[in-house]
Every structure is written in structure tokens, then in C-alpha cells.
Amino acid sequence: MLTYLLRRVLLMVPTLFGITVIVFAVMAAAPGGISANTLVDGTNLEPEARKALEDYYNRLYGLDQPAPVQYLRWLNNISPVGFEREADGTLGAFSFTKGPDLGTSFRYGRPVTDLLAERLPITILLNLLSIPLIYAVSIAIGVQAARSRGGRFDVASNVVLLGLWSVPTMLAGVLFIGFLASEQHWRWFPTGGLVRREAVDQTFLPWFASGTGVLLMLACTALVTALLVWAAARAPQRARQIGGGVLGALLGWVMAADVAGFMPGVLHLMLAACGAALLGALAGIQGTALRIALAGGVGLMLGIGIARAAGAEVVQAGYLFDRAWHLILPVVTLSYGGLAFLAKLTRASLLENLAADYARTARAKGVDEETVLWRHVFRNSLLPLITVSATLLPSLLAGSVIVESLFSIDGMGKLAVEAVQTRDRELVLSVTLISGLLTLAGYLLADLAYAIADPRVSYD
Amino acid sequence: MTETGVTPVQPSQPWSRRVLAALLVRTGARLGLAWIALLALVAVFAPFIANSHPLYLVVDGEVRFPAIRHLDATDWTWLAAFVLGLVMLRLPGHGLLRLLGWFASVGVAAAIAWFTVAPPQLAIYEQYREWETAGRVETMVRAPIPYSAKDYLRDYGDTGIEAPLKAHDGRTHWFGTEDNGADVAARMIHAARVALGIGFIATGIALVIGTIIGGLMGYFSGVVDIIGMRLVEIFEAIPTLFLLLTFVAFFGRSIYMMMIIIGITSWSGYARYVRAEFLRLREQDFVQAAIACGLPLRSILFRHMLPNGVAPLLVAASFGVASAILAEATLSFLGLGLVDDPSWGQLLNQAVQSSTFNWWLAVFPGGAIFLTVFAYNLVGEALRDAVDPHTQRSGRAS
Amino acid sequence: MTRLLEIGDLVTELSDGRDWMRAVDGTSLEVRRGETFCLVGESGSGKSVTALSVMGLLPYARHRHPAGSVRLFDDSEDSIELLGAREDALARVRGGRIGMIFQEPMTSLNPVMTIAEQLDEVLVLHRPEMDAEARQERIRSALAEVRIPDPQGRMREYPHRLSGGQRQRVMIAMALICEPALLIADEPTTALDVTVQAEILRLMRELQERRGMGLLFITHDFGVVAKIADRVGVMRHGRLVESAPVAEVLRRPQHEYTQQLIASLPERLPRLARREMRHRPLVEARDLSVHFPVRRGLLRRVVDHFRAVDGVSLDVHPGEVVALVGESGCGKTTLGRALLRLIEPTAGTIALEGQDITHLTGDAMRGLRRRMQVVFQDPGSSLNPRLPIATTLIEPMRVHGIGEDDDERRARAAALLERVEMPVDSLWRYPHEFSGGQRQRLAIARALVLEPRFVLCDEITSALDVSVQAGILKLLRRLVEEEGLGMLFITHNMGVVEYLADRIAVMHAGRIVERGRTADVLADPQDEYTRTLLAAVPRLDDLAA
């Protein structure tokens, strides 16, 4: 096992090396490439000052040297052992303790390490929120679809998931911002950023005007949630569907009233009909667990809304709530694509395993279908999901480029776009290096997780 | 045994026909293919659907065909590709040969168009409207959407971003106008070419690279395989979008450059597929038998191995076209796409760029991207079912 | 003996999503306590579907029973109807009163659960009164009963650590742990080697006698029938054509189909007179070895070699069939492929008609390839599925310059098809349109098209039904007699060896342990391994008198 791990880590080195070579080669081979000239370009300077600046850049980064030499210099800089770099740009003595140096960003004039330390945690936060969400929801949907194979839920979810998978991230983001965050429609969410300035100084938890407010809020949410969960679990299908439909129509109406006032109009009818159809259909789902989870979510939101309307006055939303409020749209935008893909994969994998020989053996032992699914098939079906988790990370990193640019979140994705747009060599190389490292680490983690989940795999 | 006994008796259907038939019984595939066909027609006839130049014009007693006069080399190439495609469908012969023939003849047509067609350098879109107001026009037949993609309506004073059907001066913009005042519908129609062209050509490039590298890895294995797999791993470990961004930012943004760039950043998946298929096929009995028959390497690779490994490749390619279209749209959306040429992603980008949200710039171009990607994914999904021996309803019970 | 299971006029229809196909068509049979009922038939005869119908294990919503009944009796002659029973009632019967074993030991156990967990599950379900300790004890004794070595240690293992035979023992332990009255075994030994098969059959027989349970045993192998059955039912096209005590069926089959099946068994095929042909050897292998490197560690260094073929010498003369016999993994396929230079030998020499071909490469080797041809085991992959048969047959001729033009080659191909008893219009068909036996005939035609001197046949009949196999064996024998071909026939089936081979070579662990004239070796094996192997082969004549 240890040998295997060591071998894998050693194999990462040439791969990382290759990544930087390719990116460097692209930049060097580009017309214009990177030269002190392009960096100074656009600045409004006297010719002498410009010349001086160019010379400064040339000395600092060796930009007037041939590309391979530049690359070697860069490699020397980032490697933890190598030649010391003197102040005038020349190489000094060989040292084992010089430590890696990712260089200084052309554009920001700050060390790349500092920039990354600032930006990387934000991107990782987005991804860490998305991955569990993706897995939880897609497994729930996949299991339900596989269980009702060929049934209504299966067919409907299949089309909806393929559709979701095809919605471009930027379209979803634009629509979210346009309809749910802009002045013109529903201003439910912030348009961008990660936190409101004033929230930084606020308390961590929400602050209510009075103690009764707290009680009212708790009571309302608990009551409404409990009621909906009970209905989802116990009520007969027809009653559930009608109840869901009525609730959906009501919510749709309220939503329309939020922008169009209380005068009934086309929008009111349309949204009420959509809400009724959506909640009615969701309430009619066969899988009890899935229904209860949905009812719980709807109940929580509804309870908070009712409590607010009933007069539970909130003085400060608090830092936690504000953060969550800012993260909802970006995380949803980042997750839905992977979610759709994974749910389809879960379904396919479950179906394959339900038809496997060992599942038949379990049935022949007298195990009932539900236990066959959860005890025997489920664990085996998780294996492909673990394999896929390796490819999920790169796609999420790519997704954060779009999401961060769209929601103006200062993460690494946005940094990457800025870096290439300004031809910031050190930054581009470092960002690729870090994302490559993250991806390879993801692969390795996925393989290790696989080895734990599947007793057949042994590494030597 | 007489010679007559050896004449063909109704040959059975080859694999490609069977897959096509299995594909076409699926509703999803039919819908997807229908949308792609519609898109192709729109792309081919874009200059006749949306054009500021009238199709037919009698001005000062003189008969003119400005739309045809202003067709450029690209327009002629698309038209030629369409006509040649129809011809090739009718021709007899092996499917693959016909496809190659089509590619070759389109290439020739493009070259001819490039050297012979010379539309006027300067397109003055306003003049027709000016002539009309001046009363010089006797008869004029306009395209259904009488605006070109790059007609920024300079002759109207206060053009800018306008919601659908909200324009002044009696102009009708079904899908509204964008930031610079150009008609959104016209731009979308011309952008269909970008989407289709990039989708197919970028995927084609990726397929060729992936097949060659993957095939070499799978057949020769050993050192070639180890080096190749490292290369694949490198390309997979850089998030494609980062690599694309870098390429585009540093290499400029012409449509051809985009095709090549998207192509060379997305081959790694195909290489993996081909490699796995070749490794599997090399052990198959019929390939071993072909080697035992002393067939030349060329025949073993291209006649016995490649056609049998093509199924997963086809499936991957149709998903690949979808993601190539998405890649272009994403780049344009991030402001790294085509500069002046229309593109759906670039229109979508304008939806939230100004302080207000312009819904028509999100819904229509975004909807077009979504439908196209959805169509390819539907086709890919149906194709996967059609080529998968497990889901096939075989007529023979063994 | 009292009745235990009664199947009456069972009809089962299966759906492929669109059409319904009748798999079992009015089968009636009865299994009594303490007796073994063997259901025999060729593939597609409906014998497995019958068993799965009894257990209610057919894919949900993909099957229906328009008619019939399946009744399970208990000690007091009370019965319950299993067909269409409620799922919970069926679940109590499954594993509790009826145990079942399947064909594929490699995939029938859950790979991510330990042996103990999987056995424990049955006890928890059907013996809820037992506590955890008692269950562990019961599992240990059950594993010991099926003679798993070190049962205590094995309990914590995952299935992949066990061999095929051991997994099948675990399956048997699992099926029998609740002491069911009836055991259904669906081809339980088909995927196993003969020596393992013999042990498993002995074990099952013994357990059945000790417990006095009923056994419904499904197989296609008449040798196995002779070894284990009390009564036999012969199935064809979903119907039971004959049902009688085993001695009756095997000695005096009543139904025409049964007679024909038994006559098709290779050991019952009429022997042909053989000419003695002694020429220069056609193919000569001397001290041939094929080693595969085993790599380990940080740098993937070669730490050891797996000796698939280890210093084997073998001759094949023109006009004779040499059988290469051995169990799976003994290196017989590797040896065959090395002879044809499809795998590079590590050491030793190969000569074809006196010419050393061990190190020939490129064009020199390609030219010689027409003199040595091969037919493989799996009819599913032996022909290129994308090419019509005509191309498959004509391309090699064109490459080797046989025939003036394609018309002549086509005529040759057509003539060859007649030789292998296939219709000429096969030329314009694709492989998927043929059955397994037909595909093997076409593969033989492909091998013969180059007019080879030496043909290697690698288990070419083991995936086929006996009646189809009989046809192919006769064809091969005829081709050898008429053409003077030399043939190396790799197989594990002793009946086939007896019918087809002039000489035999027994392979074990990469070496040839015994060789000689077929009749001599079969009658009087010298080597210890050969004796074990031959003793394990189930034969029709094993039937206790």
C-alpha cells in the first residue's frame, strides 16, 4: 500500500511538469508572447520611464532570454531546492533551503502565494459545499428512479436530468441573477459577492428584536415542518397531490404578488399554475424518504416566511445567515450539472447491480427487495460513483471559473480569468499548477477511497 | 457448383444501417436530430433568412440582387456543402467513402470560393432604407428578418439595447436588439453557423488526434503506452477551461483558431476510449485469427480493429459536439470569444452586463445553446443505447 | 417416498420489453423427498427458467405465468402454492424451505460482504430465535460441513480470496444452512474444472443423502446425470419430453429426441477406421517455454516469472489429431498460441515442416501463416462482426495470392462453405445472423480457406450443445482424413478426445505430464495427475448398475 502511494505521488511529478511545460509553451509560442513590451503596453509613461520599467521587468523575470531559459528559471524558482536568486536577477549559489517561490504577479504586483492564499479557500469552500450536495441529491434521485424502473418517476426524472445536464452553467447563472437577484424582478438574493459589508461586523447568529420573536420563529418553523413531513409520510397519494397542488398554487400567487402587486394578472395565474403542477407532482412521488426530505425543506422555508410575516422581527440577519444567503445561488449554479450527471450514473449503476448474479443469490436466500437494494446492491453501486468523483473535481473547478466571474466572487476561478486576460505569466502558471495539483490529488483520493470500499482491490 | 450460385442473394444489412435503424426508433434521437437538421438549414440559408440587403430590388429602374451580390466565400461554402451533401446522399457506394468524398469536395469548393468570390468590401446596410425613404425603390423583396448580423442600424439615431417589439421608428425586432443595436434574431441565426461549425470541426480534430494517439497506445502498448498515458493524464489534469482560456487569451480569437484550440484541448477522452477498445480488441478471437491469417498490419488495424471500436467513439463524439458548443459559448460568455462575429454566448453575456437585466438576451440565445446541447445529448444517449449490445432487442434467441 | 415439489402444467412467458416469448410450455414434474431429479436439456430448452419460476426469481414485470401451478409440500402433506404467491410468503420459502445454487460461482456471491456476513443473513431471516453466538457457531459448522479448509479463518474473508470451487462450496453452505427440504441447483458445476466438479458432486450427493432432502438438479451434461440422478427429465423447447428413472432414460430412451441426444454424445459417436500415417512431423516444438514477467514495487521491476508454458516438446504429424488436455490455467491455450507465433515464446524452438520459425518476423512469417491456421473457442467473437462472411473469407486469399480474381475467390469460398455444410448465401450475411454452431463452421471455413497444413482448434466445441458439437466433430474428423491435415485439438472434454484424437498429451501446470496413443493413455494412465483427471470425468457408464 505504502509503495503504491509513493509510486503514485512520484508519478505526479512528471505530470505536473508536463502541465507547466504545455502552458508555458502556449504562452511562449503565442504571437507577441510575453515580453516586457506587452507588460508595459497601455501604461501612460514617458519613453524613458517606459524603457526603465521594461529593463526592470527584463531583469526581474528574464523576459529577454529565450523561452526555454525562462522556463528553467521559473522551474528553479518554484522548486524547493535550487539556486538562490540574487536581487539583480542572476542566479547565485545552490541551496537546499531556499524554499519554493511562485513569483510575483505582473498585474497585482503582489506575491502569487499571497494571492492564492486569499483566493483558493473561497473556491475550495464552494466546491466543498457542492460535492456533498451533489452526492446526496443525486443518490436520492438515482435510487428512486432505479426503484421505479420504467415508471413515471423514472421516465420523468430521466428527461429532466438530461435537460438539466444540458443547461449551460452561464445560462442558469444569468437567469438566477436576472430573475431572482436583480431589481427588476424578485430581489430575493444578492447579485454577487460573498458577504454584505455590514454583515461582517454583525453577530454570528440572527438577532431578534425580542424573546417572543425567537420563540415565534422556532414554533412556526417546527410546526409547519412537522405538519408537512407528517402529511408527506402518512397522507394517501391523492390527498398529497391535491394538498401539494394547493400549496404550490398559493406560493406561486404569493411569488407573483411580490413583484406585480396584489392585483391578479396573467403572471399570478401562470405562477400559481406552475407552482401547483410542480409541488403536486413532487408530492405524488412514490419514494417516502425522498418526499419527506422535500417536505422538510419546503416546510423550513415556509415556516421562516410565516414567522417573518407574523411579526418575528429580525434586527440583524447575522453573519452566518448572510454568508449562506450569498452562497445559495452560486452553489446551486455550480452543482446542478454534476448532480444531473451523477443521478443518471447512480440509476444506471443500481440497475446493473440489481440484475447482477449476487443480487439474485440474495433474493434466493429470502431477502426482500428493499433489503437487497440497500444492503447488497447499494454498496456495490457506489463504486462507479467513487471513480467518477475524480473527474468531478476538475469539472467543478472549471465551473467555478464561470460561477465566480458571474457572481463576482473573488475565488481562484475569477483569478484565472483575470490572469489570462492580462497575460500575467506567473499567475497563469501558478493557477494551472495548483489546479493540476488539486486534480491529481483528487484522482489519488478517489483511488484510495475505491480501495477502501472494494475489498477486491489490493495495491502492492 | 455453377457460377450462378455465387451471385448475391439479397445481402443483409451492415452494422451502420442497423444502428441507424435502432437510433431512429427512439423518440429522443428523432427530436434531437430534427433540431440539428433545422439548425443546419438555418445555418446554410442564414443570408436569405436574415439580411439587410434585399433579396430582390428594383431601384431607379435597375434590377438588382443585393443579397446574392454580397454573399461572401463562407456563405458560398456553406451552400456548396449543403448541395454536395444532398448529392452524396443520392450517390451509391460505401458510407465512409461518400463521407470522405463529401469532405474533399467541400474543401475544394471552399478553396474555389475563397479565390473567386469577392463581395464588395464595404457593405452599406443603410442605403436601402435611405433609398426607400427617398422613394427611389420600385420593388423590393426583403428577407424575413430584414437585418444583417452586423447591421448596427447607424442610420437610426438612438439605437441601442431594446426589448423585443419595443423599438421606435416602426422597426420590428422579434427578439429585440443587443448592446450595439444589432437585431438579436439576425445575430442568432448567423451564430448558428459558429455553433455548428465549431461543434463539428473541433470534435473532428479531437477525434483524429485522440484516435491516432489512443490507437498507437492500444496497439503497441509498452513504452508508447506509458508515455501516451502520461500525455493523456496531463491534458486531463489541466481543467480544459483553464487551458482553453490560456490558449485563447494568448492566440487571438478567430473562429478557426477557436476550432483548433477546442479540438486540441479535448482529445484526451477519445484517446482513452480508443486505447481501451484496442486493448480489448487485440485479444478478441477474430483479431487473433486475422493475425494468424497473415493479414497486413494496415488491414488488421483499420479493417478489423477500428470499425469494431468505433461504437463508443461515436457516442463520445456526439456528447463531444455538445461540449465543444458549450466551450465556445463559455469562452464568448467570458469575453474571450469572437470579436465582431455573432455568437450565442456573447449575446448571453450582454444580458447581465449592464446594470439592468435584459431578459431577451438571456432567454433566446441561452435557449438556443440549451436546445442545441440538449439535442446532441439526446442523440448521444440514444446512440449509446442503440450500439449497446445489452439493451439491443435481438431478433435471434440463442 | 413422499412428494415434495409438484410442478403442474407450468407455462412461463418472458418479455424482451416488446414481445412475449414462451420459455416453458406446459411442463409437469414431481420431486420427492430424498431423491435427485435431474432436468436435462440443451441451451434454450427452458430448464433454468423452470427452476427460477419455482423460486419466483424471474425479472420482475418481465415474466408471466398464464397457466400452471407449483406446489411445495411439507411433512404433513399440506401444500402451499408458490406461483403467484405474495412476496413475503415467497421470501419465507426461499432460503428457508428451498435453497438454490447457481451456475456462476465467481459472480454469485456479493463481492463487498464477507463470507460470514452473507451466511449470517440467511440465519437472521429464517432462524430469528438464534442469538449471534449460536449463529456464528452454526456458520462455522456449515462451512466445515462443505469441507472449506480453515472455516474459522475463511469466515472473515471476502469472496474474491476463494477459488471457484471454494466459492461454490460456500454457496452450497449458504443454501443448506437452514436445512431446506428442497435444494435447487442450476448447473452448479458447469463453470468448474472436472476434478473440482467431481468433488462438488460427491459432496452434494452426500449431503442430500444425510439430510434426506429433495434435489432438483439442472444440467446439460449426461455424464453428470449418470453420476447424481435418481430420476431424469429431458426438456426441449420448454416441454418435458421424457421423464423416468435414470437407468431407463440412459439405457433405453423412449423419446426420439432423447435417443438422438444420447447418440450425439462424443463417446457414443461411431468410430471411424483410422489409417496409420507416419511422415515427417508437421509441427515440432522443442523445449518451448512462455514466461510472463511479474512486476512489483516502486519501479515495477520484474521480480518473478509466471511460467505459463515450461519446457514443452510436442510433435504433430500430417493426417493426425493430437489432443492437448488439461484443466483451466494449465497453459494449454498459451502453448497453442505460442506454436502459431501469436505469443512470443521465451525459449525453445518451433519448426514447421522442418523449417525453424521461432525467430521469423515480418513478411517471412506472414507468408508462412497460410500453412498454419487456427479456430478459437468463443463463437461470439470468432468472426469480425462488421464484415460480411464473403469479405472474411476472401481477404486472406487475396493477401496470399490464392485465386486469379475476386470472382474465382468467391467461387472457392462458396465451395468451401459447402464443405463445412453451410448454405452458399451465407456469404452475404453478417456473423450475428448465425447461431453458435454455424459460426464455428464459418470459423473453420475461414481457417481452411488458405489451404493450411496444420490447424489449431482451441476448445472449439466447448461452448456448443452436444448435438451441434457432434456435427462439428464429424466434420473435423472428415477434414483430417480427406486433406491429411495435422491438427492440435485443445480441450478438457475426455469424450471428445476419445472420439477425435489419435494421440493425446496431458498438460498440468505448464508441463506435459503424459503423452501417448489415445487408447493407451485412456486405458492405462501412467501419471498420477492423469489418473486423477480421468477418474474425475463423469461418464454415462458411471451409472451404478
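Just so we're clear, the structure is a prediction, and the values are computed from it rather than from any experiment. (Residues numbered from 1 in each chain as written. Chains lettered and ligands numbered in written order. Predicted model: local features only at pLDDT ≥ 70, side-chain atom pairs only at ≥ 80, totals over all residues.)

A.B. asks: Would you take a moment to explain the overall build of chain A for this structure?
C.D. replies: Within chain A, the secondary structure is distributed over 16 helices and four strands. Oriented by its inertia axes, the alpha-carbon framework of chain A measures out at about 80 × 60 × 40 Å. Expressed as a percentage of the 460 residues in chain A, the buried residues total 38%. Long-range contacts, defined here as pairs at least 24 residues apart, represent 71% of the contacts in chain A between residues at least 6 apart. (Helix = DSSP H or I, 4+ residues; strand = E, 2+ residues; numbered from the N terminus. Buried ≥ 20, exposed ≤ 12 C-beta atoms within 10 Å, placed from the backbone. Contact = placed C-beta atoms within 7 Å.)

A.B. asks: So what exactly am I meant to see when it comes to the overall build of chain C here?
C.D. replies: If you tally the helices and strands in chain C, you get 19 helices and 20 strands. Over its C-alpha atoms chain C spans a radius of gyration of 26 Å, differing by no more than 12% from the 24 Å that the globule rule assigns to 545 residues. In terms of its C-alpha atoms, chain C occupies a principal-axis envelope of roughly 80 × 55 × 50 Å. Scored against the burial criterion, the 545 residues of chain C give a buried share of 48%. For chain C, the proportion of contacts with a sequence separation of at least 24, taken over those separated by at least 6, is 68%. (Rg over C-alpha atoms; globule rule 2.2 N^0.38 Å.)

A.B. asks: I would appreciate a short explanation of the sheet that holds strand 3 (residues 137-141) of chain B in the present structure.
C.D. replies: Each strand in a sheet pairs with another by means of backbone hydrogen bonds, the pair being arranged parallel or else antiparallel. All names here are of chain B. On the basis of which strands lie adjacent, the open sheet formed by three strands has the order 2-1-3 and antiparallel pairing. Each of the sheet's edge strands pairs with one partner strand only, and the pair in question is strand 2 (62-64) and strand 3. Across the sheet, the mean angle separating the axes of adjacent strands is 10 degrees when strand polarity is ignored. Where strand 1 (residues 56-59) meets strand 3, four bridges bridge the pair, whose relative direction is antiparallel. Within strand 3, the residue paired with Val58 across the bridge is Thr139. (Pairing = 2+ DSSP bridges. Axes fitted to C-alpha atoms, helices over the stretch in contact; angles between N-to-C directions.)

A.B. asks: What's the story with the sheet that holds strand 14 (residues 347-352) of chain C in this structure? I'm lost.
C.D. replies: Residues and elements named next belong to chain C. Spatially, 12-11-14-15 is the arrangement adopted by the four strands of the open sheet, whose pairing is antiparallel. Edge positions in the open sheet fall to strand 12 (301-316) and strand 15 (355-356), since each of these has one partner strand only. With five bridges joining them, strand 11 (residues 283-296) and strand 14 adopt antiparallel strand pairing. Pairing of Val283 across the sheet is with Leu352, part of strand 14. Helix 11 (residues 332-339) rests against strand 11, strand 12 and strand 14 of the sheet, and its axis sits at about 115 degrees to strand 11.

A.B. asks: I tried to follow the interface of chain A and chain B on my own but got confused; where do I start?
C.D. replies: The accessible area lost on association of the parts is a frequent measure of interface size. Taken together, the 41 residues of chain A in the interface contact 35 residues of chain B. Of all the secondary-structure elements, those providing two or more residues to the side of chain A that touches chain B are helix 1 (2-29), helix 6 (152-166), helix 7 (169-181), helix 14 (369-406), helix 15 (412-421) and helix 16 (425-453) of chain A. Tallying contributions element by element places helix 1 of chain A first for the side of chain A that touches chain B, with eight residues. Residues of the side of chain A that touches chain B, tallied by class, amount to 27 nonpolar, 13 polar and one charged. (Nonpolar A, V, L, I, M, F, W, Y, C, P; charged D, E, K, R; others polar.)

A.B. asks: What should I look at first to understand the environment of Ser76 of chain C in this one?
C.D. replies: Here Ser76 of chain C shows up in the loop between strand 4 (63-73) and strand 5 (79-81). Each C-alpha atom of the pair Ser76 of chain C and Asp230 of chain C lies 24 Å from the other, and the pair is 154 residues apart in sequence.

A.B. asks: Is there a simple way to think about the interface of chain C and chain A in this case?
C.D. replies: Taken residue by residue, the interface counts 27 residues in chain C and 22 residues in chain A. Sorting the residues of the side of chain C that touches chain A by element identifies helix 2 (87-93) and helix 3 (115-126) of chain C as the ones contributing at least two each. Here the element with the most residues in the side of chain C that touches chain A is helix 3 of chain C; it accounts for four residues. Of the residues belonging to the side of chain C that touches chain A, the class tally is 13 nonpolar, eight polar and six charged.

A.B. asks: Honestly, the environment of Gly34 of chain C in this entry has me stumped. Any pointers?
C.D. replies: Secondary-structure assignment places Gly34 of chain C in the loop between strand 2 (20-32) and strand 3 (36-41). Each C-alpha atom, one on Gly34 of chain C and one on Tyr257 of chain C, is 28 Å from the other, the two residues being 223 residues apart in sequence.

A.B. asks: How should the packing of helix 12 (residues 268-282) of chain B against helix 14 (residues 297-333) of chain B be read in this particular structure?
C.D. replies: How two helices sit against one another is set out by the angle between their axes and by the gap between those axes. Residues and elements named next belong to chain B. Relative orientation of the contacting elements helix 12 and helix 14 amounts to 145 degrees, with a least axis distance of 9 Å. Both helix 12 and helix 14 take part in a crossing whose hand is right-handed. On the side of helix 12, the interface is formed by Gly269, Tyr270, Tyr273, Val274, Glu277, Phe278 and Leu281, while helix 14 contributes Met305, Asn308, Gly309, Pro312, Leu313 and Ala316. Residue classes in the contact of helix 12 with helix 14 are distributed as nine nonpolar, three polar and one charged. (Left-handed = near helix turned anticlockwise from the far one by under 90°.)

A.B. asks: Hey, could you run me through unusual backbone geometry in this one?
C.D. replies: Generally, phi is negative for residues other than glycine and the peptide bonds are trans, each holding for most cases. We note that Ser408 of chain A has phi near 40 degrees; this positive angle belongs to a residue other than glycine. Structurally, Ser408 of chain A is set in the loop between helix 14 and helix 15. Residue classification places Ser408 of chain A among the exposed positions, given that 12 C-beta atoms sit within 10 Å. One non-glycine residue with positive phi stands out, namely Glu353 of chain C, at about 50 degrees. As for its position among the elements, Glu353 of chain C is in the loop between strand 14 and strand 15. On the basis of neighbour count, Glu353 of chain C is assigned to the partly exposed category, with 18 C-beta atoms found within 10 Å.

A.B. asks: Could you clarify how one ought to interpret the pairing of strand 20 (residues 511-517) of chain C in this entry?
C.D. replies: Each regular strand carries side chains that alternate between the two faces of the sheet. Residues and elements named next belong to chain C. Pairing between strand 19 (residues 503-508) and strand 20: six bridges, direction antiparallel. Each bridged residue has a counterpart across the sheet, and for Ile504 the counterpart in strand 20 is Gly516. With antiparallel pairing between neighbouring strands as the criterion, strand 19 and strand 20 make up a hairpin whose turn holds two residues, including Ala509 at a positive phi of roughly 50 degrees.

A.B. asks: Please explain the packing of helix 1 of chain A against helix 10 (residues 240-251) of chain B as it appears in this structure.
C.D. replies: Contact geometry of helix 1 of chain A with helix 10 of chain B gives a least axis separation of 8 Å together with a crossing angle of 15 degrees. By the criterion of interaxial angle, the relationship of helix 1 of chain A to helix 10 of chain B is roughly parallel. Between helix 1 of chain A and helix 10 of chain B lies a crossing whose hand is right-handed. The segment helix 1 of chain A lies against helix 10 of chain B, with Val23, Val26 and Met27 of chain A engaging Thr246, Phe247 and Phe250 of chain B. Looking at side-chain class alone, the contact of helix 1 of chain A with helix 10 of chain B contains five nonpolar, one polar and no charged residues. (Parallel < 35°, antiparallel > 145°, perpendicular 65-115°, else oblique.)

A.B. asks: Honestly, helix 6 (residues 164-176) of chain C in this entry has me stumped. Any pointers?
C.D. replies: Residues that lie three or four places apart on an α-helix share one face, since the helix turns once every 3.6 residues. Residues and elements named next belong to chain C. The end-to-end C-alpha separation of helix 6 is 18 Å, in line with the 18 Å expected for 13 residues at 1.5 Å each. The buried fraction of helix 6 is high, at eleven of 13 residues. Those residues of helix 6 not exposed but buried are Gln166, Arg167, Gln168, Arg169, Val170, Met171, Ile172, Ala173, Met174, Ala175 and Leu176. Check the buried side of helix 6 and you find it contacts strand 6 (98-101), helix 3, helix 4 (132-145), strand 7 (182-186) and helix 7 (194-211). (Expected span 1.5 Å × (residues − 1).)

A.B. asks: Teacher, can you tell me more about the confidence of the model for chain A here?
C.D. replies: As a general rule, the predicted coordinates of low-pLDDT regions are not to be interpreted in detail. Residues with a pLDDT of 70 or more make up 95% of chain A, whose mean pLDDT is 84. When the elements of chain A are averaged for pLDDT, helix 2 (residues 36-40) of chain A gives the smallest value, 65, and helix 13 (residues 357-364) of chain A the largest, 92. (pLDDT = per-residue confidence, 0-100.)

A.B. asks: What am I meant to see in the environment of Leu320 of chain A here?
C.D. replies: Residue and element names in this part refer to chain A. Along the chain, Leu320 falls in helix 12 (residues 319-354). Owing to 14 C-beta atoms within 10 Å, Leu320 belongs among the partly exposed residues under this scheme. For Leu320 and Pro206, which are 114 residues apart along the polypeptide, the C-alpha to C-alpha distance reads 7.8 Å. If near-sequence neighbours (up to four positions away) are discounted, Leu320 is found in contact with Phe204 and Leu205.

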